[in-house]
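Chain and residue survey
Spelled out from the first residue to the last, the chains are:
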Amino acid sequence: MSLENTPAAPAPSDFIRDIVAAHVAENKYPRIHTRFPPEPNGYLHIGHAKSICLNFGIAREFGGICNLRMDDTNPTKEDIEYVESIQADVNWLISGWADDKLGLKPKGKTPEAIAGNGHRDFYLPATVPAPSPEPTVQSLEPFYASDYFDQIYDYAEQLVEQGKAYVCDLTPDETDEYRRNGKASPFRDRSVEENLALFQRMKEGEFPEGTRVLRAKIDVAAANIWMRDPLIYRIKHAEHHHTGAKWRIYPMYDFAHCLSDYIEGITHSICTLEFEVHRPLYDWILENLNLPRPLPHQYEFARLSLGYTIMSKRKLMQLVDEKLVTGWDDPRMPTICGIRRRGVTAVALRAFAYNIGITKYNGITDVSVLEYAIRDDLNKRSLRRLAVLRPIKVVITNYPEGKTEELDATNNPEDESAGKRKIPFSRELYIEQDDFKEVPPPKFFRLKPGGEVRLKYAYIIKCDEVIKDAAGNLVELRCTADLDSKSGGATAARKVKGTIHWVSVAHAVDAEVRLYDRLFTEAEPEKDGRDFKTTLNPHSLEVITAKCEPSLGGASAEHRYQFERLAYFALDLDSKPGQLVFNRTITLKDTWAKEAQKG
RNA sequence: UGUCCGAUGGUGUAAUGGUAACACAGCGCCCUUUGGAGGCGUUAUUCAUGGUUCGAAUCCAUGUCGGACAGCCA
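Since we're looking at a predicted model, the values are computed, not measured.

Turning to helix H12 (residues 367-381), a few remarks are in order. End to end, H12 covers 21 Å across 15 residues, agreeing with the expected 21 Å (1.5 Å per residue, within 8%). When H12 is considered as a whole, its buried residues turn out to be Val367, Leu370, Ala373, Ile374, Arg375, Asp377, Leu378 and Arg381. Packed against the buried residues of H12 are helix H2 (46-61), helix H11 (346-356), strand E15 (383-385), strand E29 (567-571) and strand E30 (580-587). One side-chain oxygen at the N-terminal end of H12 lies 3.0 Å from the backbone nitrogen of Ser368; it belongs to Asp366.

Right, here's the structure in full:
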């Protein structure tokens, strides 16, 4: 699929890119270096996709690198399962677009000590994967904040040595109270020696959790609460998924993050708005360590909110844990793996990320913007196929029994190179229930008693008779075909208002089709504090068996399909040989449904 | 309450002191062997008040409204 490697759109412009462009113009850094730093405590979702596209997009556009880093400073919430899913999702999303901008490091490598400025200092440069024409085993891995625990501990000691950090014995509740009231901790003025010894004993695991912390000594009365002697280390007797049992103390986000950025040589540390109030602390830590290399700076943008979607990792996990969806990769989930399984391509997701822009305004993006990006991409790439989701039988009474014709069909009207295929036609067909109305509403262009309709790629037929069972249920339609109306025939150019899809009964292939719809019934599932579970859409999944044209028997997960006049579909990973399972990625735009609703 | 941030059509964004524009959505028409796609057209916007200026979405002041943060989470 050549589209896979097509850049989504001209590079966008936004306030962060403007800043980066200015830095490039003034030669402020030898190279632009961003990073994508998820915490491995859940699966990546479409909000992360926005961030990935921003960070890797900047790396692409300004000749830089974007490191993938596990922000893993809280072992009790994190897991290797998430580390692996994050890598897979990032790789998928940037594949063919920014793989050569992905900053990794040799497996097991940790920062190297460098001398400078009379201080201890550390650096861990990035390696980008070599473009590999043949499959070479590249022993690279993502960065891990936890790989810097030794260095971060060292930096903490440097702060203590300077009298800029102290061990505090207040309980968590007391700490809260003191900070709220701008009151100094009674342990604030311990000697450097005592602090050093205590901090070391914390490291050795001598104290129970919650009994002591290391705090930066900044300003207990600062207007910004994050500057009121913030905690930078806490005791946790927990095993870490990456460092094992080595540590009893773990650095807090604020301390670890800026230093991780510095160690990796990050220039632009881009995060979401809620970290705005932390920025003074980010700067304070780096500035008070007398670091010799250029310091990274933090920039904030608005996280994505999408209509009919929830984005909180905690709540998504709740959907998984309570089996309200089948898993993190349920096609209804806004996770990257869920969206991928649904059949959305990385190209579409990137186009969406580009289209919504980057600002500091917290708005709610309409889902139609996402849906447009998906349709726009799928329209260009998908193979057209005929399939009937809810069949009714049609008998062409003037067509010979036992005869089969192979008709020409276009694979993709948007792409000549996709070629053509043959579809078998015979006397007995399935058509869509929705394409026949015994009592048609106004402007109904499809089949009705006594009316004519074009069978796509085949004949014009006329409905002569409606056969019902004793209970009055529709059993079959008996029609006659204009046998000259096939492509190239004498009456082929006859105008009939409607064209419908069909499948030959004798040649039909069955497939399980999973019809997905929005997970929530409300654009704002949690508006006014209501429980998001009360707005779950009970019809978000319907499973049916469809009748498909025979070529679909050879469907592949690499391709996307449009079942003509219905929707786009992708093969689900539950498919087995001879047992097709399709996911409905998204319906086609349906202006008739809209028209019918008006009437 | 404090700190920080924000406010441009229905929605999301652009215009960086000089004609308020783009996309999505909506509406209408054309085209169509997909009621898809495409083409054409169209509706609709600068939170308020004051100031600076020849000129303000943009700069300043005040106000209003909204958001984030106030975990030993990130």
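Now that the structure has been shown, we can carry on.
A few words on the sheet that holds strand E22 (residues 460-468). Pairing is mixed in the open sheet, where 7 strands are placed in the order E24-E21-E22-E23-E17-E20-E25. The open sheet has two edge strands, strand E24 (499-500) and strand E25 (502-504), and neither has a second partner. Relative to strand E23 (residues 474-482), strand E17 (residues 391-396) runs parallel, the two sharing 4 bridges. When the bridges of E23 are listed, Ile396 appears paired with Cys479.

In sheet architecture, strand pairing relies on hydrogen bonds along the backbone and comes in two forms, parallel and antiparallel. An order of E15-E28-E29-E30-E26-E27-E16 is seen for the 7 strands of this open sheet, with the pairing classed as mixed. One side of each edge strand has no neighbouring strand; the edge strands of this open sheet are E15 and strand E16 (387-388). One ladder, built from 3 bridges, connects strand E28 (residues 561-563) with E29; its direction is antiparallel. Considered in E29, the bridge of Gln562 is made with Tyr568. With respect to the sheet, H12 is in contact with E15, E29 and E30, its orientation differing from that of E30 by roughly 125°.

Glancing now at the layout of surface pockets. Empty space within the largest pocket amounts to approximately 1400 Å³. Taken together, 43 residues form the lining of the largest pocket, with His48, Glu274, Phe275, Arg303 and Lys313 sitting closest to its centre. Only strand E1 (33-36), H2, helix H7 (253-264), strand E13 (268-272) and helix H9 (313-321) provide two or more residues apiece to the lining of the largest pocket. By residue class, the composition of the lining of the largest pocket is 17 nonpolar, 12 polar and 14 charged. Approximately 1100 Å³ is the volume found for the second largest pocket. Lining the second largest pocket are 29 residues, and of these Arg446, Arg565, Asp590, Trp592 and Ala593 lie nearest its centre. For the lining of the second largest pocket, the elements supplying multiple residues, two or more each, are E30 and helix H13 (591-598). The element that contributes the greatest number of residues to the lining of the second largest pocket is H13, accounting for 5 residues. Within the lining of the second largest pocket, the residues separate by chemical class into 10 nonpolar, 6 polar and 13 charged.

Attention now goes to a negative patch on the surface. Side chains of Asp173, Glu174, Asp176 and Glu177 sit close together on the surface and give a patch of like negative charge. Residue placement: Glu174 occurs in helix H5 (residues 172-180).

Moving on, we get to the confidence of the model for chain A. Mean pLDDT over chain A works out to 95, with 97% of the residues at or above the 70 mark. Contacts for the low-pLDDT stretch residues 1-9, under 50 throughout, to residues beyond four places or in other chains number 17 contacts. Quick note on the complex model: pTM equals 0.95, ipTM equals 0.96.

With that out of the way, let us pick up the protein's contact with RNA strand B. Around RNA strand B, the structure places 66 residues, and the nearest of them are Asp18, Asp71, Arg384, Gln562 and Lys594. In the interface set of RNA strand B, defined as its atoms within 4 Å of the protein, sugar plus phosphate atoms amount to 70%. In this structure, Arg234 approaches RNA strand B through a side-chain N or O atom, which is 2.7 Å from a phosphate oxygen. Contact distances for RNA strand B include 3.2 Å between a base oxygen and a backbone N or O atom of Ser487. Looking at the surface near RNA strand B, the elements with two or more residues in it are H5, strand E11 (231-235), H12 and H13. Taken together, the residues of the surface near RNA strand B sort by class into 24 nonpolar, 17 polar and 25 charged.

Conventions used here
Residues numbered from 1 in each chain as written. Chains lettered and ligands numbered in written order. Predicted model: local features only at pLDDT ≥ 70, side-chain atom pairs only at ≥ 80, totals over all residues. Heavy atoms only, no water. Helix = DSSP H or I, 4+ residues; strand = E, 2+ residues; numbered from the N terminus. Expected span 1.5 Å × (residues − 1). Buried < 20%, exposed > 50% of the residue type's maximum accessible area, 1.4 Å probe, protein only. Contact = heavy atoms within 4.5 Å. Polar contact = N/O pair within 3.5 Å; in protein donor to acceptor, adjacent residues only side chain to side chain. Pairing = 2+ DSSP bridges. Axes fitted to C-alpha atoms, helices over the stretch in contact; angles between N-to-C directions. 1 Å grid on protein atoms, 1.4 Å probe; cavity = no way out; pocket = protein on both sides within 12 Å on 5 of 7 lines; lining within 4 Å. Points joined across faces, edges and corners; volume = space filled by probe spheres on them. Nonpolar A, V, L, I, M, F, W, Y, C, P; charged D, E, K, R; others polar. Patch = residues over 30% accessible without salt bridge, like charges linked within 9 Å, V, L, I, M, F, W, Y side chains within 5 Å. Areas by Shrake-Rupley, 256 points an atom, 1.4 Å probe, with all protein chains shown as cover. Salt bridge = Lys/Arg side-chain N within 4 Å of Asp/Glu carboxyl O. Lys, Arg positive; Asp, Glu negative; His and termini not counted. Charge placed at Lys NZ, Arg CZ, Asp CG, Glu CD. pLDDT = per-residue confidence, 0-100. Near = heavy atom within 4 Å.

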